[in-house]
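Chain and residue survey
For reference, the chains in residue letters:
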Amino acid sequence: MHCGVMVTGYNDPGHQFDNAVDDIVREARLQGIEHVMWLTMRTADVSYVSPEYRSNSYTFRDNNRILLQKAVQYRGYLQVADWATYSAQRSDWVAADGVHMTVAGGYAIT
């Protein structure tokens, strides 16, 4: 089985995220990927702000909602794993900005 795993979106502005998810799903299907799994973005203790100030923890919450809506729309093709909740209490898994992985976080996410 071929499955694509996405851990991305932190630099994406909210007003384009839904279209970006559609683009990725469309491309995955073209490449014969059987499922796409997308991990939700961390929102707990996040101070990270994207370059050009286009996204922050509020955007990440909105984008997580979009992911859940898209999962319903794509009826199981897009699956969402709740990384935001799973990692919320683990500050040792992320750098001080709450987003970028430490070595321990790299192991945890895989």
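Since this is a predicted model, take the numbers as computed values, not measurements. (Residues numbered from 1 in each chain as written. Predicted model: local features only at pLDDT ≥ 70, side-chain atom pairs only at ≥ 80, totals over all residues. Heavy atoms only, no water.)

Here we look at the pattern of salt bridges
Taken as a whole and assessed by the stated rule, the structure comprises four salt bridges. One salt bridge in this structure joins Arg26 and Asp23, with 2.4 Å as the shortest N-O distance. Note that Arg26 and Asp23 are positioned in helix 1 (residues 14-30) at a spacing of three residues, about one turn of the helix. Residues Asp92 and Arg90 are paired through a salt bridge, measuring 2.7 Å at the closest nitrogen-oxygen approach. Given the relative accessible area of 38%, Asp92 is considered partly exposed. (Salt bridge = Lys/Arg side-chain N within 4 Å of Asp/Glu carboxyl O. Helix = DSSP H or I, 4+ residues; strand = E, 2+ residues; numbered from the N terminus. Buried < 20%, exposed > 50% of the residue type's maximum accessible area, 1.4 Å probe, protein only.)

Some details on the nonpolar core
With 20 residues, the main nonpolar core has Tyr10, Phe17, Val21 and Phe60 as its most contacted residues. Breaking this core down by element, the ones donating at least two residues are helix 1, strand 2 (35-39) and helix 2 (57-73). Element by element, the count of residues in this core is highest for helix 1, at four residues. When neighbours within four sequence positions are excluded, Val21 is seen to be in contact with Trp38, Leu67, Lys70 and Leu78. (Core = buried A, V, L, I, M, F, W, Y, C linked by side-chain atoms within 4.5 Å. Contact = heavy atoms within 4.5 Å.)

Details of the environment of Gln89
Within the secondary structure, Gln89 sits in the loop between helix 3 (83-87) and helix 4 (103-109). Taking C-alpha positions, Gln89 is 25 Å from Gln69, a pair spaced 20 residues apart along the chain.

So, helix 2
Owing to its 3.6 residues per turn, the α-helix brings residues three or four apart onto one side. The first and last C-alpha atoms of helix 2 sit 24 Å apart over 17 residues, in line with the 24 Å expected at 1.5 Å per residue. The complete set of buried residues in helix 2 reads Ser57, Thr59, Phe60, Asn63, Asn64, Ile66, Leu67, Lys70 and Ala71. Down the axis of helix 2, the buried side of the element spans an arc of 165°, and every buried residue falls inside it. Those residues of helix 2 that are exposed and aimed more than 90 degrees away from the buried face are Tyr58, Gln69 and Val72. Where helix 2 is buried, its residues meet helix 1, strand 2, strand 3 (78-81) and helix 3. The positive-phi residue at the C-terminal boundary of helix 2 is Arg75, with phi of around 45°. (Expected span 1.5 Å × (residues − 1). Arc of directions from axis to C-beta.)

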